[in-house]
Amino acid sequence: MPKVFTKFFLHCADWIGKLRQLFKLKIGAILSFVFSFILVFSCLYVTAQRGIMVKKIRKSIPEIITSFNEIGLDFAYDNIKFNPVAFFPLMKIDNPQLYSLDENQYWNLQFDNIKIYTNLLGSPQLQIKFANHGSFSHNNTLYDTTSDKTILRINDLLSQPEFLIRSEKFNIKNLALFNNVTFWLKPSHLNDTNAKGLPFYQSLIEINNVSINGMINYPLSSHIKNISAKADIIGNFSFDNDLLTSVESWVKNGGFMDIPQLIVQWSPLILVGRGNIHFNKYLQPTINFNTSSKGMLKLIKSLQEISFINNSNVYVANILLSNKAFKLNPEDEELTITTPISYSDGKISIENLVIKDFDKETQQ
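Let us look at the structure shown here. Bear in mind that the values here come from a model prediction, so they are computed numbers and not experimental data.

## Describing the pairing of strand β8 (residues 133–138)
Pairing analysis gives five bridges linking strand β5 (residues 107–111) to β8, with the strands arranged antiparallel. When the bridges of β8 are listed, Leu109 appears paired with Phe136. By the bridge criterion, six bridges tie β8 to strand β9 (residues 141–146) in an arrangement that is antiparallel. Pairing of Ser135 across the sheet is with Asp144, part of β9. Hairpin connection between β8 and β9: a loop of two residues separates the two successive antiparallel strands, and Asn139 in this loop has a positive phi of roughly 55 degrees.

## Considering the pattern of salt bridges
It is possible for side chains bearing opposite charge to pair when their charged atoms get close. Within the structure shown, the criterion is met by four salt bridges. Between Asp258 and Arg274 there is a salt bridge; the shortest N-O distance is 3.5 Å. Of this pair, Asp258 sits in strand β15 (residues 256–266) while Arg274 sits in strand β16 (residues 269–279); the two residues are 16 residues apart in sequence, bridging distant segments of the chain. Of the charged contacts in the structure, one is a salt bridge between Glu334 and Lys298, with a shortest N-O distance of 3.1 Å. With Glu334 in the loop between α4 (312–324) and β18 (336–344) and Lys298 in helix α3 (residues 296–305), this residue pair connects regions lying 36 residues apart in the sequence.

## Observations regarding α3
The complete set of buried residues in α3 reads Met296, Leu299, Ile300, Ser302 and Leu303. For α3, the arc enclosing every buried residue in end-on projection is 160 degrees, short of the 170-degree limit, so these residues lie on one face. Set apart from the buried face of α3 by more than 90 degrees, the exposed residues are Lys301 and Glu305. In the core, the buried residues of α3 are packed alongside β16, β17 (285–294), α4, β18 and β19 (347–350). Directly after α3, the chain includes Ser307, whose backbone phi takes a positive value near 60 degrees.

## Some details on a nonpolar patch on the surface
A cluster of nonpolar side chains, namely Tyr315, Val316, Ile319 and Leu320, defines an oily patch on the protein surface of about 370 Å² accessible area. Within the secondary structure, Leu320 sits in helix α4.

## With respect to helix α2 (residues 243–252)
Ser246, Val247, Trp250 and Val251 are the residues of α2 that are buried. An end-on view of α2 places all buried positions within 130 degrees of arc, on one side of the element. Turning to α2, the residues buried within the fold contact β14 (223–234), β15 and β16. At the C-terminal side of α2, Gly254 shows a positive phi close to 90 degrees.

## Here's the deal with unusual backbone geometry
In this structure, the amide linkage connecting Ser267 to the following residue, Pro268, adopts the cis form with an omega of 0 degrees. Here Pro268 shows up in the loop between β15 and β16. Phi is positive for Ser307, close to 60 degrees, though the residue is something other than glycine.

Each value, and the rule that gives it
Residues numbered from 1 in each chain as written. Predicted model: local features only at pLDDT ≥ 70, side-chain atom pairs only at ≥ 80, totals over all residues. Heavy atoms only, no water. Pairing = 2+ DSSP bridges. Helix = DSSP H or I, 4+ residues; strand = E, 2+ residues; numbered from the N terminus. Salt bridge = Lys/Arg side-chain N within 4 Å of Asp/Glu carboxyl O. Buried < 20%, exposed > 50% of the residue type's maximum accessible area, 1.4 Å probe, protein only. Arc of directions from axis to C-beta. Contact = heavy atoms within 4.5 Å. Patch = residues over 30% accessible without salt bridge, like charges linked within 9 Å, V, L, I, M, F, W, Y side chains within 5 Å. Areas by Shrake-Rupley, 256 points an atom, 1.4 Å probe, with all protein chains shown as cover.

Put into structure tokens, the structure is as follows:
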């Protein structure tokens, strides 16, 4: 090998050795620089993203309140603070209140505060944490409320949002204790959501282990084991317009809700069913269910005792249901009854017999 190449390779080997030695000596400083650069860049990126989110929320607040107003509700608060700095709540609202605009059916739900967080990376997400203390008022009666945990999570804000509400041990003092309440609403990814007749959104509401104050006049027992329902929103629903316009367009284009599963376990009533909910142009619902239940006759009797239902049709309905009742199993204490139940134009019907007319009572 020529001497010139030998010298060249020797110099290269010497430089490589020096670089390796330098790298070993300075590796801590290099890693610190890289880590600091990534950390600073990440903080700037997250702060910028949170700043954009703050602007969007500021812009959305009047739109949200307008949507509430359209459905007869309103939202108020004492103070609102924004914080674009990472690792702190994005927003804090003091004394938020959601209340009804109907003076005849007025109610108010209030919390000491709510804090809104956003995820640092990934898809846009908001997590709203409610203070453990608040109040609920209805018919001029005020009840204090407490809970172990109440959150609202909203995912995919920029496309089709997904909602999750969960509350644990939500206690309305002197009224009822809800051990667990869950509601979620999410886009359907099982089918082509643009196809007619297929679910556009799917939802679930589940209420478990409710203890009711024994001094309140209510039907059946003071403990509700479970009430749950699955619902599919059929037909495309646009989020581009305001809420009322979107709902009206959805109904006009044939939208409705399919309820593939309804479960009620409220001793001695056990009911399962499925049905659907349609809306007219005034957004008034027509609800139809086919049900199978145990304890239905006791429920009707209890509703009569508290004067919730009281007309001649109840007597006829009792006869029809009694004739249909049977023991599904020899050991059953309650008879099984299969019957349609519906609601339309302010009337509740069983076996196509109106047993409750809300509009008639309002006129009286």
